[in-house]
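Below are the chains, spelled out letter by letter.
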Amino acid sequence: TDRMDSLSRPELFDFHGVSLTHYFTDNWDNIQNFQARPDDILIATYPKAGSTWVSYILDLLYFDQTSPECQKSVPIYASVPILEVTFPSLQPGTDMVDNLLTSPRLIKTHLPVQFVPKSFWEQKCRIVYVARNGKDSVVSFFHFERMTMIFPEPGDWSSYLQRFMEGKMVFGSYDHVNNWWEKKQTYSNLHYMFYEDLVEDTGREIDKLCCFLGLSPSAQEKERLAGRVQFYNMKQDNVVNHSTFQGMDFKLSSFMRKGKVGDWKNHFTVAQSEEFDEDYKKKMKNPTLTFRNEI
Ligand code: A3P
């Protein structure tokens, strides 16, 4: 807690039209000039859409050593670095990526599509984008910001929800999912997937991922992987549960919090839900991108 008390919550500010905090802009030149390699794989999401889940699936698909003595202990935020971070107790994300010895390198980002360093496009890197329905995203984000001292103070739920609708969130508005969806129409090396589908049938989504990545694990390996990445197993797994991450207060919430589709119903009032739906209809005009708020 001493450590947490010394961290001050950052202010949100407008950065080229997107709300961000300094933790994601301090290293901007190095981020924009980042040199991707052709075999790099970028995992991109709006915050709280399941990026850790998909990062772990990819990490295990590529680098899992089946013998128990090779059990990994490096936390996921080091083995799949977030490109744009400059957090107090970690190296800048670009340095963490440059120091990765693996091939392919797995790189995570929450950047809106227009901010992705251009070398990813030039090198035609494979990109996995994960999207989650807006209502569950904002609930998950709210609890995450409550416990994570290097994010802005979320305030109370109803003002937080208003702020989400105004797009004043870290990494900007939920339009993120739309802009990435549109990118997919012109950039073929992008696999767009949904959190709700992963919850519904993890095995099926792993199959699709393998198909996109050109991997062919055995049925047994896939089954083992699907078990390993189930919510309750990940919650207990120190590689991914962020138990060693500086600046999270686990008395307030958990990083692996609920892992459900539809938890928004425990937070939204009927009026809030209606207002959200109205606002959503006005903003999310692309009829080809649809989400499930429940499964
Ligand atoms: P909740 O807060 O709704 O529980 P990210 O990793 O992008 O920050 O996303 C975090 C969300 O993904 C959290 O949602 C977290 O619980 C959920 N999540 C992580 N691993 C999961 C898993 N194996 N199954 C279901 N949900 C998972």
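The rules behind the values
Residue indices begin from 1 for each chain and proceed along its sequence in written order. Totals for whole chains, interfaces and linings use all residues, but because this is a predicted model, local features are given only for residues with pLDDT of at least 70 and pairs of side-chain atoms are given and counted only at 80 or more. Heavy atoms from the whole structure form the basis of all side-chain values; hydrogens and water molecules are not counted. Only heavy atoms are used to decide nearness, and a residue is near a molecule or strand if one of them lies within 4 Å of it. We define a polar contact as two N or O atoms separated by no more than 3.5 Å, with the added condition that, inside protein, one atom must be a possible hydrogen donor and the other a possible acceptor, whereas residues neighbouring each other in sequence contribute only through side-chain atom pairs. For every accessible area listed, the method is Shrake-Rupley and the probe measures 1.4 Å; residues are considered covered only by the protein chains on display. Throughout, the protein atoms alone are placed on a 1 Å grid, and a set of points is a cavity if a 1.4 Å probe fits but cannot get out or a pocket if it is open with protein on both sides within 12 Å along at least five of seven lines; lining residues have an atom within 4 Å of a point. Those molecules having more than half of their atoms within 2 Å of a cavity or pocket grid point set are described as sitting in that cavity or pocket. Helix and strand assignments come from DSSP, with helices taken as H or I runs of at least 4 residues and strands as E runs of at least 2, each series counted from the N terminus. Residues are grouped as follows: Ala, Val, Leu, Ile, Met, Phe, Trp, Tyr, Cys and Pro are nonpolar; Asp, Glu, Lys and Arg are charged; every other residue, Gly included, is polar. Axes here refer to lines fitted to C-alpha atoms; in helices the fit is confined to the stretch in contact. Angles between the N-to-C directions go from 0 to 180 degrees. When describing relative orientation, an angle under 35 degrees is termed roughly parallel and one over 145 degrees roughly antiparallel, while 65 to 115 degrees is termed roughly perpendicular and anything else oblique. We call two residues in contact whenever any of their non-hydrogen atoms come within 4.5 Å of each other. Whether two aromatic rings pair depends on their centres lying within 6.5 Å, for rings of Phe, Tyr and Trp, where Trp uses its six-membered ring; planes under 30 degrees apart make the pair stacked, over 60 edge-to-face, and the rest tilted. To sort residues, take the accessible area from a 1.4 Å probe on protein chains only and compare it with the maximum for the residue type: under 20% means buried, over 50% means exposed, and anything in between is partly exposed. Whether a charge lies above a ring is judged from NZ of Lys or CZ of Arg, which has to be within 6 Å of the ring centre and within 35 degrees of the ring normal. Grid points are joined across faces, edges and corners, and a volume is the space filled by probe spheres set on the points. Residue-level confidence of the predictor is what pLDDT reports, using numbers from 0 through 100. Pairing between two strands is assigned when DSSP locates at least 2 bridges connecting them.

Caption draft 1: Local environment of the site of the ligand. What surrounds the ligand is a group of 17 residues, the closest being Ser51, Thr52, Ser140, Tyr195 and Lys258. Take Trp53: an N or O atom from its side chain is 3.1 Å from a nitrogen atom of the ligand. A distance of 2.8 Å is found between an oxygen atom of the ligand and a backbone nitrogen or oxygen belonging to Gly259. Expressed as a share of its isolated accessible area of 570 Å², the protein-covered part of the ligand is 97%. Counting atoms within 2 Å of the grid points, the majority share of the ligand lands in the largest pocket. Those elements that place two or more of their residues in the shell around the ligand are α3 (51-63) and α13 (231-235). Here the element with the most residues in the shell around the ligand is α3; it accounts for three residues. Here the residues of the shell around the ligand sort into seven nonpolar, six polar and four charged.

Caption draft 2: Seen up close, the packing of helix α8 (residues 157-165) against helix α14 (residues 270-283). Axis separation between α8 and α14 bottoms out at 11 Å; the angle between their running directions is 10°. Put simply, α8 runs roughly parallel to α14. The residues of α14 that touch α8, namely those facing Trp157, Ser158, Leu161, Gln162, Phe164 and Met165, are Gln272, Glu275, Phe276, Asp279 and Lys283. Along the lines of polarity and charge, the residues of the contact of α8 with α14 split into five nonpolar, three polar and three charged.

Caption draft 3: Representation of the packing of aromatic side chains in the model. A full pass over the atoms with the stated rule returns 37 aromatic pairs. Relative to Phe141, the ring of Tyr46 has its centre 6.2 Å away and its plane inclined at 90°; by these criteria the two rings are edge-to-face. Taken together, the positions of Tyr46 in the loop between β3 (41-45) and α3 and Phe141 in helix α7 (residues 134-147) put the pair 95 residues apart, joining distant regions of the chain. A relative accessible area of 0% means that Phe141 is categorised as buried. Just above the ring of Phe268 sits the side chain of Lys135; from NZ or CZ to the centre is 5.8 Å.

Caption draft 4: Looking closely at the layout of surface pockets. Considering only enclosed or pocket space, the largest pocket measures out at about 740 Å³ in volume. Every residue lining the largest pocket is counted, 42 residues in all, and those nearest its centre are Lys48, Gly50, Thr52, Phe255 and Met256. Listed by contribution, the elements that provide at least two residues to the lining of the largest pocket are α3, α4 (76-79), α7, α10 (195-200) and α13. Top contributing element to the lining of the largest pocket by residue count: α7, with five residues. Of the residues belonging to the lining of the largest pocket, the class tally is 23 nonpolar, 14 polar and five charged. The space that makes up the second largest pocket amounts to roughly 240 Å³. Around the second largest pocket sit 12 residues that line it, and Leu60, Leu61, Asp64, Pro217 and Glu221 are the ones nearest its centre. Counting only elements with at least two residues in the lining of the second largest pocket, the list comes to α3 and α12 (219-228).

Caption draft 5: A look at empty space enclosed by the protein. The full count for this structure, using the stated rule, is two cavities of 30 Å³ or more. Volume-wise, the second largest cavity comes out at about 30 Å³. As for the second largest cavity, its lining consists of Tyr77, Ile82, Val85, Phe87, Leu90, Met96 and Phe245. Looking at side-chain class alone, the lining of the second largest cavity contains seven nonpolar, no polar and no charged residues.

Caption draft 6: Summary view of the environment of Leu198. Within the element layout of this structure, Leu198 appears in helix α10. Separated by 66 residues in the primary sequence, Leu198 and Trp264 place their C-alpha atoms 18 Å from one another. With sequence-adjacent residues up to four places away left out, Leu198 is seen in contact with Trp53, Val54, Ile57, Met193 and Glu205.

Caption draft 7: Fine view of the confidence of the model for the protein. Averaged over every residue, the pLDDT of the protein is 95; residues scoring 70 or more account for 95%. Under the prediction, the complex receives an ipTM of 0.99, its pTM being 0.96.

Caption draft 8: Spotlight on the pairing of strand β5 (residues 126-131). Taken across its six residues, β5 has six buried, putting it largely inside the fold. On β5, burial covers both faces: Arg126, Val128 and Val130 on one face and Ile127, Tyr129 and Ala131 on the other are all buried. With five bridges connecting them, β3 and β5 associate as parallel partners. Looking at β5, one finds that Leu42 is bridged to Ile127. Sheet topology note: the β5/strand β6 (residues 190-194) ladder contains five bridges and is parallel. Following the sheet pairing, Val128 is matched in β6 by His191.

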